[in-house]
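If you want the building blocks of each chain, they are given just below.
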Amino acid sequence: MQEDQSLDAEVRNGVRKPRIIAVTVTYNVESAFQSVLETYLGQVDQVVIVDNSTRAASREWLQTLAEVLGDQVQLVMNGTNLGLAVAQNIGIVRALGAGAEWILLMDDDSLAETGMVERLYQAPSRHDLDPHTRILVPRYQEQAVTREARYVTSPQGRFTAPRFRIEDFRSQPVIENLFIAISSGSLIRADLFQELGLIREAFDIDYLDVDFCLRTLRKGYRIAAVGDAVLRHHLGAQTEHRFLGRRFWAWNHPPRRRFTIYRNRTRIWREYLFRLPGFVLYDLLATAQDLFRILMFEQDRGAKLVALIKGAAAGLFGRMPGPPECPAQGDSSGSTR
């Protein structure tokens, strides 16, 4: 604990820049990924790329790129698609082994604006954030649609109260007491993984970030969003629609993905209904909106409804393992270039 406080004090007082390593999971990327990578490559000490590609051409191209970039990147080739959670955990363990003090999670199509990382790690001193803040997230600027970034928060940080609030940056430079944040662009204190464990692999893709954020809150730590740190993010195949003068966005996930979403969503309800009721209340209301969008604007409605009902049943009544423990530093997996 004394070492943690020393690190916080040094960073807050601007004595030194912490060692920051980014973890990016790639899947069948093409040459456009190089431009994406370059938006944050110079903002961090190193990037660990964990490749889930199933196409040989993508793997060969990535290997060539890694050779050109040299020590700036560490490439882990899985040889197949192990899923997002497993791949993220491989990258996180590699980053910890390389001495990361903070870990930046990035999607393979998310672009960091200039200065995003610096503004994130300097936010505790610039804005006098709660000293228990362990996750810092940017202002999301979606690439596919135009709308203001919004965040789900707990009023006055009372996370055990059945209340929530939706906030944005129109009247404030930072937003504290977040319930959740998407993983892409998240700057996470590395020792948090040692304390909480790794990403929950049983969830595979959906609600991975929700689960990790809620575990963070349960340990008494905090999450904050920083308005002048901007991430250009691409969130699924969204389409915009209008109904009764209002705008709605449909996600258009296929039935198989709907099963996963509702299995993991209802599992979160089961685990946190009495622990963090404010978030569960928010997510129940979000579910009602989601069902409305599916019925009103999406195709293949019947198959999606059947899939989500089966998923909800699996989440509420089935068994799912918790997150894996974080191995001792120096213990890593996966093959490097």
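Here, the structure is the one placed above.
Structure report, in brief.

**Observations concerning the environment of Glu 148**
- Mapped onto the fold, Glu 148 is located in the loop between strand E6 (133-142) and strand E7 (151-153).
- Given the relative accessible area of 29%, Glu 148 is considered partly exposed.
- Expressed as a C-alpha distance, the spacing of Glu 148 and Val 25, which sit 123 residues apart in the sequence, is 27 Å.
- Not counting chain neighbours up to four residues away, the residues in contact with Glu 148 comprise Arg 139, Asp 168, Phe 169 and Arg 170.

**With respect to the pattern of salt bridges**
- Here the structure, examined in full by the defined rule, presents 17 salt bridges.
- For Lys 17, the salt bridge identified is with Asp 45, shortest N-O distance 3.1 Å. Residue Lys 17 is found in the loop between helix H1 (2-12) and strand E1 (20-26), and its partner Asp 45 is found in the loop between helix H2 (32-41) and strand E2 (46-51); the two are separated by 28 residues along the sequence.
- Taking relative accessible area as the criterion, Lys 17 reaches 37% and is therefore assigned partly exposed.
- Its relative accessible area of 36% is what places Asp 45 among the partly exposed residues.
- A salt bridge links Arg 265 to Asp 283, with the shortest nitrogen-to-oxygen separation between them at 3.0 Å. Of this pair, Arg 265 sits in helix H9 (residues 255-272) while Asp 283 sits in helix H10 (residues 277-297), and the two are 18 residues apart along the sequence.
- Take Arg 265: its relative accessible area is 7%, and that puts it in the buried class.
- Taken together, the shared-partner salt bridges connect Arg 258, Arg 265, Asp 283, Asp 290, Arg 293, Glu 298 and Lys 304 into one network.

So, how was this worked out
Here the residue numbers are simple positions, counted from 1 along each chain's written sequence. Local features are withheld for residues below a pLDDT of 70 in this predicted model, meaning they are given only at 70 or higher, and side-chain atom pairs are given and counted only at 80 or more; totals for whole chains, interfaces and linings count all residues. The side-chain figures draw on all heavy atoms in the structure; neither hydrogens nor water molecules are used. Runs of H or I in DSSP of at least four residues are treated as helices and runs of E of at least two as strands, each being numbered from the N terminus. Burial status follows relative accessibility: with a 1.4 Å probe on protein chains alone, a residue under 20% of its type maximum counts as buried, one over 50% as exposed, and anything between as partly exposed. Contact definition: two residues touch when any of their heavy atoms are within 4.5 Å. Salt bridges are identified by distance alone: a Lys or Arg side-chain nitrogen within 4 Å of an Asp or Glu carboxyl oxygen.

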